[in-house]
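# Working through the structure, step by step
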Amino acid sequence: MSVFTGRFSGRNAIITGAASGLGLEVARRILAEGGQVALWDLNADALSVAAKELGAAHFCAVDVSDADQVAAATASSVEALGHLDILVCSAGITGATVAVQDFPLDSWYRTVAINLHGVFHCCRSVVPHMLTRGYGRIVNVASVAGKEGNPNASAYSASKAGVIGFTKSLGKELAMKGVIANSLTPATFESPILDQLPASQIDYMRSRIPMGRLGFVNESAAMVCFMASEECSFTTASTFDTSGGRTTY
Ligand SMILES: NC(=O)c1ccc[n+]([C@@H]2O[C@H](COP(=O)([O-])OP(=O)(O)OC[C@H]3O[C@@H](n4cnc5c(N)ncnc54)[C@H](O)[C@@H]3O)[C@@H](O)[C@H]2O)c1
């Protein structure tokens, strides 16, 4: 639950992966703090349940790995909201949990297409709308896996490392233009994405966290909302951490 009120008054956000987990919690907070949101997700059923629960007026069933769908959803969201201030890219999948030599090609390509190409498609499509007004906050959700690499999660780790590097590049491009772009590197937190993983992989990831527990979605949502707010004004092209002490840089 947020302790802020009115922090996002007058601010409009697109949130991908908004039907579940971190994206859903960020949407809940931005709405509670006075903003408007466009909820984007691949899962149309879960999306309409989320939109109903949140009372969000605008939502788009969109596959972020498809640039044309992202462009159409951007146009529709701009029309519905009026302008855009915030983009939170939270859509993501884990991909297969297997060693590189056995990694299925389709899982590799799909994981990179959603986790990395999806972030590129959304930023590419939304940035011009932010530049028009000279204001923007972009939060791309990466992972501690992109810094350290998790064994048997090569596609996921590579895609998230890509998000970190991509966001550093984007932030520097936009540094003089009022648009701030940062990524978040959470360690494992409780959310439905964990259903995609074997218990042994979750145990491994928990064992790597010095605090000795998984995170809570609220903890990463609070950090995302700071990154998406006006208060985040002198940090760009950088990486924020919610990892219970796991990341060391
Ligand atoms: N939960 C964790 O432990 C953890 C740790 C580090 C990073 N992350 C990252 O945080 C982000 C959010 O994860 P979460 O835990 O909330 O997961 P989640 O599974 O609860 O939510 C992810 C959402 O993304 C949507 N999605 C998947 N593919 C999509 C596509 N092609 N187009 C649009 N939407 C799509 C799903 O339908 C789902 O609603 C992800 O990028 C994930 O990689 C999660």
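This structure is a prediction, so every number in the text was calculated from the model and none was measured.

### Examining the packing of aromatic side chains
Between two aromatic rings, the relevant description is the distance of the centres plus the angle of the planes. Summed over all chains, the structure comprises three aromatic pairs. Measuring from ring centre to ring centre gives 5.9 Å for Phe103 and Trp108, while their planes differ by 85 degrees; the resulting arrangement is edge-to-face. In this structure Phe103 comes out as buried when scored by relative accessible area, which is 11%. Judged by relative accessible area, Trp108 falls into the partly exposed class, the value being 31%. Look at Phe120 and Phe166: their rings are 6.2 Å apart centre to centre, the planes differ by 85 degrees, and that puts the pair in the edge-to-face class. With a gap of 46 residues between them, Phe120 in helix H4 (residues 105-133) and Phe166 in helix H6 (residues 154-174) connect regions that are remote in the sequence.

### Describing the packing of helix H1 (residues 21-32) against helix H2 (residues 44-54)
At a minimum axis separation of 11 Å, H1 and H2 run at an interaxial angle of 25 degrees. In terms of orientation, H1 lies roughly parallel with respect to H2. The two elements H1 and H2 meet at a crossing, and its hand is right-handed. For the pair formed by H1 and H2, the contact residues are Leu24, Ala27, Arg28 and Leu31 on the first element and Ala50, Glu53 and Leu54 on the second.

### As for the site of the ligand
In the vicinity of the ligand lie 30 residues, with Ser20, Leu22, Asp41, Tyr156 and Ser191 positioned nearest. Contact distances for the ligand include 2.6 Å between an oxygen atom and a side-chain N or O atom of Asp41. At a separation of 2.4 Å, an oxygen atom of the ligand approaches a polar side-chain atom of Ser191. The fraction of the free accessible surface of the ligand (830 Å²) that becomes covered by protein chains is 93%. Elements with a minimum of two residues in the shell around the ligand: H1, H4 and H6.

### Some words on helix H7 (residues 199-207)
An α-helical turn contains 3.6 residues, so any two residues separated by three or four positions project in the same direction. All buried positions along H7 are accounted for by Gln201, Ile202 and Met205. Each buried residue of H7 lies within a common arc of 100 degrees when the element is viewed along its axis, so the set occupies one face. Of the exposed residues in H7, those oriented more than 90 degrees away from the buried face are Ala199, Ser200 and Ser207.

### Details of the packing of helix H3 (residues 67-81) against H4
To describe two helices that pack against each other, one gives the angle between their axes and the distance between the axes. For the pair H3 and H4, the least separation of the axes is 9 Å and the interaxial angle reads 30 degrees. At the point where H3 passes H4, the crossing takes the right-handed sense. Residues Ala67, Val70, Ala71, Thr74 and Val78 of H3 pack against His121, Cys122, Ser125, Val126 and His129 of H4. When its residues are assigned to classes, the contact of H3 with H4 shows six nonpolar, four polar and no charged.

### Some points on unusual backbone geometry
For Asn152, which is not a glycine, the phi torsion comes out positive at approximately 65 degrees. Residue class for Asn152 comes out partly exposed when judged on its relative accessible area of 36%.

### What to know about the pattern of salt bridges
Evaluation of the coordinates by the stated rule reveals 12 salt bridges. Between Arg11 and Glu230 there is a salt bridge whose closest N-O contact spans 3.0 Å. You can see Arg11 sitting in the segment before strand S1 (12-16) and its partner Glu230 sitting in the loop between helix H8 (217-227) and strand S7 (238-242), a full 219 residues away along the chain. On the accessibility criterion, Arg11 (15% relative accessible area) is buried. The closest approach of N and O atoms between Glu219 and Arg213, which form a salt bridge, is 2.8 Å. Residue classification places Glu219 among the partly exposed residues on the basis of a relative accessible area of 33%. Where salt bridges share partners, they join Arg11, Asp85, Arg133 and Glu230 into one cluster.

Rules used in this analysis
- Residues numbered from 1 in each chain as written.
- Predicted model: local features only at pLDDT ≥ 70, side-chain atom pairs only at ≥ 80, totals over all residues.
- Heavy atoms only, no water.
- Phe/Tyr/Trp six-rings, centres within 6.5 Å; stacked < 30°, edge-to-face > 60°.
- Buried < 20%, exposed > 50% of the residue type's maximum accessible area, 1.4 Å probe, protein only.
- Helix = DSSP H or I, 4+ residues; strand = E, 2+ residues; numbered from the N terminus.
- Axes fitted to C-alpha atoms, helices over the stretch in contact; angles between N-to-C directions.
- Parallel < 35°, antiparallel > 145°, perpendicular 65-115°, else oblique.
- Left-handed = near helix turned anticlockwise from the far one by under 90°.
- Contact = heavy atoms within 4.5 Å.
- Near = heavy atom within 4 Å.
- Polar contact = N/O pair within 3.5 Å; in protein donor to acceptor, adjacent residues only side chain to side chain.
- Areas by Shrake-Rupley, 256 points an atom, 1.4 Å probe, with all protein chains shown as cover.
- Arc of directions from axis to C-beta.
- Nonpolar A, V, L, I, M, F, W, Y, C, P; charged D, E, K, R; others polar.
- Salt bridge = Lys/Arg side-chain N within 4 Å of Asp/Glu carboxyl O.

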